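So you can see what is in the structure, the chains are spelled out below.
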Amino acid sequence: LTLYAHYGRAGDFRRLQELNADINGKVVLVRAGLLSFAEKVSNAASMNASAVLIYPDPVNYNIKEDTALFGHVHLGTGDPYTPGFPSFNHTQFPPAQSSGLPSIPAQTITIRQATEIMSKLGGRTSPDDWSDGMLRDTMYKLGDDGDVITVEVKNVLIQKKIHNVFGVIKGYMDKDRYMVIGAQRDAWGPGYARSTVGTSLLVELARTITDMIKNDGFKPKRSIIFASWSAGEFGSVGATEWLEGYLTSLNLKMFSYVSLDEVISGFDTFKAAASPLLYELLENTMKQFIYIYIFHRMEPMGLSHSAYPFLTFSGIPSLSFRFTSVTYPFGTIEDTDQNLERYTSYNTLKLAKTAGEVVGLVTLRLVHDHLLKLNVAKYTSVIRNYVSQIRSKVESRQTTGRLPSTVTMQWLLSAQGSYDRAASALVSAIRNSDLDDMEQCRIINNRIMRVEGSFLSPYVSPRESLFRHILLGSGSHTLAALVHHLEAIKGGLESADIDQFKNQFALATWTIQGCANALAGEVWDMDNEI
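What you see is a predicted model, and the numbers here were worked out from it, not measured in a lab.

(A) Region of the structure containing the side chain of Ser433. Topologically, Ser433 is positioned in the loop between helix H12 (410–431) and helix H13 (438–454). Taking the relative accessible area as the measure of exposure, Ser433 reaches 13% and is therefore buried. There is a polar contact of 2.8 Å between the side chain of Ser433 and the backbone oxygen of Ile430.

See below:
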């Protein structure tokens, strides 16, 4: 039995429930786009669907009718059979399946195949905002019990050896502190925009900075690592395994990651996803290039960004950016140099040069300035926004009697205040510091480097919750999950659990307080009420 579920978002499945559509045991047909394949399949599995078919609708994708999409459905990154630990040197452990692997089969299909299936669906017409697709001669119906389809996936699991490749320029002062610039080296199909452009930029940046050292006397205070990652198409496998291999030490030494993946796929829009710590540096850098774009904005960093595990798994301030226009055919055989030229209006080389200059300027500021250009005050508004949402919903649930009065906002508000004060104190210390005092600068930089890693919840296992960042990650430990849990409590849903909410609430509160403590300085400078 088949059911059309728009983009396969959680909200789309709730909409189907409101329309009294039975999702249980159905093969779900969803459009590609807006969220990752893995998130679509996970949403469908949570509603007890039996399988998922993912197709590119012409309203989103300007590709040929028989062009296939490639992607993965692992709700995570890295080797799914070594979750939370590295698969280095043929790791001598029995395979342990990641909790992010789907429990139902999934398969991408072409526009032609989707048209054939959709044209045969019966049942009621889908909501108006679901019927804006462009499949030929198709009514976009939801499907009924007479629509039968069989999904059989015959993938074969094999083992492959992969190789990450690194180059290093050592700093002359703090060589044990480093940033990483990375790009994936592999691609499904030609992969011109997916990997060729990024890899070319990586090599050119390494050459240019090396020439600056040899010929111009440039001396970076901190080290730079250039990383070429393997198996990026399967969920940043090479990068994640490296992160897992050095989990306990990386966020103490690595102060930033810049991704060059998918950096060019259009020409008139600049989009960036980053840790709030890097917002100010990026904004100041982009002011030098403002004449180039029509539009530029920040976007949330999600699972589809290759920098995501660096930020949310390892707690390293990370940046990913791209020049883009309409949806580019990543993950298809149409990702060619000719098509990229067409999508960039024949400005590929000019945009590549600009992208290289952006990364170069960001890199120079991060490795050369006495103090790291990471603004800890930028997280203040992120925390405040979440606390405001939680406070409003807690008070509302207590008014309606769905949440006991013993749940108090006092300690979460206190943790928020502690972070505000610690960030303000550090900004003041920086303003009054002697930049010629290298020891003082190193102490301040150490405090700055603790921040991102301190937002990783120490109360969840990396095996079960890979993305442990409580503000930007995913899972029950995040502040976003607290907001969603309060919504479930409001609706009296089966997933609502008051005792579980209390525990999540307490652990999230202490994670924020712990970050504030790490930022504030040494333990003898603090006096916390127990």
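Having seen the model, we can carry on.
(B) Broad picture of the pattern of salt bridges. Scanning the entire structure with this criterion turns up 23 salt bridges. Across the pair Glu487 and Lys393 runs a salt bridge, and its minimum N-O distance is 2.7 Å. Within this pair, whereas Glu487 is found in helix H14 (residues 479–491), its partner Lys393 is found in helix H11 (residues 378–399), the two being separated by 94 residues in sequence. Looking at Glu487, the relative accessible area reads 33%, which means it is partly exposed. Through salt bridges with shared partners, a single network forms among Asp174, Asp176, Arg177 and Arg442.

(C) Structural view of the sheet that holds strand E1 (residues 2–4). One open sheet accounts for 4 strands, arranged E1-E2-E3-E4; its pairing is parallel. Edge positions in the open sheet fall to E1 and strand E4 (106–108), since each of these has one partner strand only. Going across the sheet, the axis of each strand differs from the next one's by a mean of 20 degrees, ignoring polarity. Here strand E2 (residues 27–31) runs beside strand E3 (residues 51–55); their pairing, made up of 5 bridges, is parallel. For Arg31, the partnering residue across the bridge sits in E3 and is Tyr55. Of the strands in this sheet, E2, E3 and E4 touch helix H2 (residues 37–46), which is tilted by about 145 degrees from E3.

(D) Seen up close, empty space enclosed by the protein. Across all of its chains, the model carries 2 cavities of 30 Å³ or more by this definition. Looking at the largest cavity, its volume works out to about 50 Å³. Across the lining of the largest cavity, the residue classes break down as 3 nonpolar, 4 polar and 1 charged. As a volume, the second largest cavity reaches approximately 40 Å³. Every residue along the wall of the second largest cavity is listed here: Asp174, Arg177, Arg222, Phe255, Leu372, Arg442, Asn445, Asn446 and Met449. Counting only elements with at least two residues in the lining of the second largest cavity, the list comes to strand E6 (174–184) and H13. Considering each element in turn, the lining of the second largest cavity owes the most residues, 4 residues, to H13. Its residues placed into classes, the lining of the second largest cavity shows 3 nonpolar, 2 polar and 4 charged.

(E) Representation of the UniProt feature "domain: Transferrin receptor-like dimerisation" (unreviewed entry) in the chain. In the numbering used here, UniProt assigns the feature "domain: Transferrin receptor-like dimerisation" (unreviewed entry) to residues 410–519. Helix makes up 67% of residues 410–519 and strand 0%, whereas the separation of the span's terminal C-alpha atoms amounts to 21 Å.

(F) Region of interest: unusual backbone geometry. Of note in this structure, Leu34 is not a glycine but carries a positive phi near 70 degrees. Structurally, the position occupied by Leu34 is in the loop between E2 and H2. Assessed through its relative accessible area of 65%, Leu34 is described here as exposed. Not every positive phi belongs to a glycine, and Tyr140 is a case in point at roughly 55 degrees. With respect to the element layout, Tyr140 can be found in the loop between helix H3 (111–119) and strand E5 (165–169).

(G) Quick peek at helix H15 (residues 498–520). The end-to-end C-alpha separation of H15 is 33 Å, in line with the 33 Å expected for 23 residues at 1.5 Å each. Capping the start of H15, Asp497 holds a side-chain oxygen 3.1 Å from the backbone nitrogen of Asp499, two or three residues further along. Phi turns positive one or two residues past the end of H15, at Gly521, with a value near 135 degrees.

(H) Representation of the nonpolar core within the structure. Ranked by size, the top nonpolar core spans 82 residues in total, and within it Phe321, Ile390 and Tyr419 carry the most contacts. Among residues more than four places away in sequence, those in contact with Phe321 are Asp261, Glu262, Val263, Phe270, Lys271, Ala272, Ala355, Val358 and Val359.

(I) Structural context of helix H7 (residues 279–286). Within H7 the residues assigned to the buried category are Leu281, Leu282, Thr285 and Met286. Relative to the axis of H7, the buried residues are bounded by an arc of 125 degrees and lie together on one face.

(J) Geometry of the pairing of E3. With 5 of 5 residues buried, E3 is to be regarded as a mostly interior element. Burial of the side chains of E3 extends over both faces: Ala51, Leu53 and Tyr55 are buried on one face and Val52 and Ile54 on the other. At this point the chain moves from E2, through H2, to the parallel E3, and the crossover so formed is right-handed. Pairing of E3 with E4, which is carried by 3 bridges, proceeds in the parallel orientation. Note that in E4 the partner of Leu53 across the bridge is Gln107.

Conventions and cut-offs
- Residues numbered from 1 in each chain as written.
- Predicted model: local features only at pLDDT ≥ 70, side-chain atom pairs only at ≥ 80, totals over all residues.
- Heavy atoms only, no water.
- Helix = DSSP H or I, 4+ residues; strand = E, 2+ residues; numbered from the N terminus.
- Buried < 20%, exposed > 50% of the residue type's maximum accessible area, 1.4 Å probe, protein only.
- Polar contact = N/O pair within 3.5 Å; in protein donor to acceptor, adjacent residues only side chain to side chain.
- Salt bridge = Lys/Arg side-chain N within 4 Å of Asp/Glu carboxyl O.
- Pairing = 2+ DSSP bridges.
- Axes fitted to C-alpha atoms, helices over the stretch in contact; angles between N-to-C directions.
- Contact = heavy atoms within 4.5 Å.
- 1 Å grid on protein atoms, 1.4 Å probe; cavity = no way out; pocket = protein on both sides within 12 Å on 5 of 7 lines; lining within 4 Å.
- Points joined across faces, edges and corners; volume = space filled by probe spheres on them.
- Nonpolar A, V, L, I, M, F, W, Y, C, P; charged D, E, K, R; others polar.
- UniProt positions renumbered as here; feature names shortened; annotations may be inferred.
- Expected span 1.5 Å × (residues − 1).
- Core = buried A, V, L, I, M, F, W, Y, C linked by side-chain atoms within 4.5 Å.
- Arc of directions from axis to C-beta.
- Right-handed = clockwise from strand over helix to strand, strands pointing away.

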